[in-house]
Amino acid sequence: MALLATTTIAFKTINTQIRSRSFLPAQRHLPLSSPPPSSSFFRIVSVKAMELEQKDPMVIDENGVLKKGIAEFYDESSAIWEDIWGDHMHHGFYPPDSTISLSDHRAAQIRMIEQALRFASIPLAEDERKWPKKIVDVGCGIGGSSRYLSEKFGATAIGITLSPIQAQRANALAAAQGLANKVSFQVADALDQPFPDGQFDLVWSMESGEHMPDKAKFVSELARVAAPGATIIIVTWCHRDLGPDEESLKPWEEKHLKKICDAFYLPAWCSTADYVKLLESLSLQDIKSEDWSPYVAPFWPAVIRSALSWKGLTSLLRSGLKTIKGALAMPLMIEGFKKDLIKFAIITCRKPE
């Protein structure tokens, strides 16, 4: 019954805040294209959430549920995301002071890929001989990055995901785009990748690191499958770096992140500095990191708008408890960014020759 009240309050709160624009960052935005749903629709969503909670009470615990929860979360939600947002399941990159329309959000996701390549100093045009030839996409979603990178560089790409639904859909999209001979996808664990050592000259992880319960093992596997001289790109959610006199986050910060973890099937968070230390421990070179939080600020308000559209809400009703819980946690992400608790980080490095 708790979720019934939570769902009703949360959707009404989101609706009120969207009306008042209290979630919006400094960038200029176009107005909403459709009116917010009525209160009767929120009651329907709440009842559906209560029914699903009775059928599927699974929560994250320490007994191996996390991996299953991640797979089922994306089994449920990927089709909804693709229908509304397309095949790139990650943040967009928005230049400061940009005017943002709905059509620009998908373009912003492509900009995210391009900006990540630039930050990592991947040659984009001047010398094709230095382009990556073999790419692994760790936590590939439905394969948007893999297909884009394969077409851009003429490379072969392999994507791995915990979700069988995602892998199946990613392969179908590759075939439909004439890329089946260049790009493939399979179900595999990022912490135990089914590849020999030194296979790939570009190791790509776009917003999958936050799902990894063992960050040291995650980074170690990225380095293991990287060929000598390969570039590793990690784009991920982090918590803020700790101050010199801090041993941990503040209690309210831990509590806030725990709510997000429970909704999105995430383990404990780490900081960008933690990632850098892990990469240094593996003797990787040219390690760089940067906080891109200002460049992704419009993303979550836009996702909330799409969830509050009639199409978004009816899709949520047809999905499942995990997707609804994820939708209810979206304001927590915005609040975390606003309070400088959550950071959208890029970390890149190179494996020694």
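First, a word on what this report is: a plain description of the structure on this page. (Residues numbered from 1 in each chain as written. Predicted model: local features only at pLDDT ≥ 70, side-chain atom pairs only at ≥ 80, totals over all residues. Heavy atoms only, no water.)

## Notes on the sheet that holds strand β7 (residues 226–239)
Link 1 in the chain: Strand order in the open sheet formed by seven strands is β5-β4-β3-β6-β7-β9-β8, with mixed pairing between adjacent strands. Taken across any chain shown, the strands that pair with only one partner, and hence form the sheet edges, are β5 (183–187) and β8 (285–291). The average undirected angle you get between the axes of adjacent strands in this sheet is 15 degrees.
Link 2 in the chain: In this structure, strand β6 (residues 200–206) lies alongside β7, joined through six bridges in parallel fashion. Among the inter-strand pairings, M206 is bridged to a residue of β7, identified as V235.
Link 3 in the chain: Most of the contacts of helix α14 (residues 330–338) go to strand β9 (residues 342–350), to which it runs at about 75 degrees, and overall it touches β7 and β9. (Pairing = 2+ DSSP bridges. Helix = DSSP H or I, 4+ residues; strand = E, 2+ residues; numbered from the N terminus. Axes fitted to C-alpha atoms, helices over the stretch in contact; angles between N-to-C directions. Contact = heavy atoms within 4.5 Å.)

## A word on the packing of aromatic side chains
Link 1 in the chain: Following the criterion strictly, the structure yields 13 aromatic pairs and no others.
Link 2 in the chain: Summarising the aromatic geometry, the rings of F93 and W292 are spaced 5.1 Å apart at their centres and angled 75 degrees between planes, so their arrangement reads as edge-to-face. Linking F93 in the loop between α3 (65–85) and β2 (99–100) with W292 in the loop between β8 and α10 (293–296), this pair joins segments that are 199 residues apart in sequence.
Link 3 in the chain: On the accessibility criterion, F93 (7% relative accessible area) is buried.
Link 4 in the chain: Three or more aromatic residues link up through ring pairs in this structure, and these residues are F73, Y74, W237, F264, Y265, W269, F299 and W300.
Link 5 in the chain: Against the face of F119 rests K288, its NZ or CZ located 4.6 Å from the ring centre.
Link 6 in the chain: Here the basic side chain of K339 rests over the ring of W252, its NZ or CZ set 5.2 Å away from the ring centre. (Phe/Tyr/Trp six-rings, centres within 6.5 Å; stacked < 30°, edge-to-face > 60°. Buried < 20%, exposed > 50% of the residue type's maximum accessible area, 1.4 Å probe, protein only. Lys NZ or Arg CZ within 6 Å of the ring centre and 35° of its normal.)

## Some remarks on unusual backbone geometry
Link 1 in the chain: Positive phi outside glycine occurs at S121, with the angle close to 60 degrees.
Link 2 in the chain: By the secondary structure assignment, S121 is in the loop between α4 (102–119) and β3 (134–138).
Link 3 in the chain: In this structure, E207 takes a positive phi of about 60 degrees despite not being glycine.
Link 4 in the chain: With respect to the helices and strands, E207 occurs in the loop between β6 and α7 (215–225).

## Focus: the environment of S283
Link 1 in the chain: Relative to the helices and strands, S283 is located in the loop between α9 (272–281) and β8.
Link 2 in the chain: A relative accessible area of 52% places S283 in the exposed class.
Link 3 in the chain: Linking S283 and K351, residues 68 residues apart in sequence, is a C-alpha distance of 8.1 Å.

## Brief notes about helix α13 (residues 321–328)
Link 1 in the chain: With respect to burial, α13 is a largely interior element, eight of its eight residues being buried.
Link 2 in the chain: Of the residues making up α13, those classed as buried are L321, K322, T323, I324, K325, G326, A327 and L328.

## Some words on the pattern of salt bridges
Link 1 in the chain: Counting across every chain of the model gives 14 salt bridges.
Link 2 in the chain: The shortest N-O distance in the salt bridge between E253 and R240 comes to 2.8 Å. Within this pair, whereas E253 is found in helix α8 (residues 251–264), its partner R240 is found in the loop between β7 and α8, the two being separated by 13 residues in sequence.
Link 3 in the chain: The closest approach of N and O atoms between R350 and D286, which form a salt bridge, is 2.9 Å. Highlighted residues: R350 in strand β9 and D286 in strand β8, separated in sequence by 64 residues.
Link 4 in the chain: A single salt-bridge network, built from bridges that share partners, covers R240, E246, K250 and E253. (Salt bridge = Lys/Arg side-chain N within 4 Å of Asp/Glu carboxyl O.)

## Description of α3
Link 1 in the chain: With 21 residues, α3 ought to run about 30 Å at 1.5 Å a step, and its terminal C-alpha atoms sit 28 Å apart, in line with that.
Link 2 in the chain: The axis of α3 is deflected most strongly, by about 40 degrees, at S77.
Link 3 in the chain: Taken together, the buried positions of α3 are occupied by V65, L66, G69, I70, A71, F73, S77, S78, I80, W81, E82 and W85.
Link 4 in the chain: G86, located one to two residues past α3, shows a positive phi value of around 95 degrees. (Expected span 1.5 Å × (residues − 1). Bend = angle between axes of the 7 residues up to and from the residue.)

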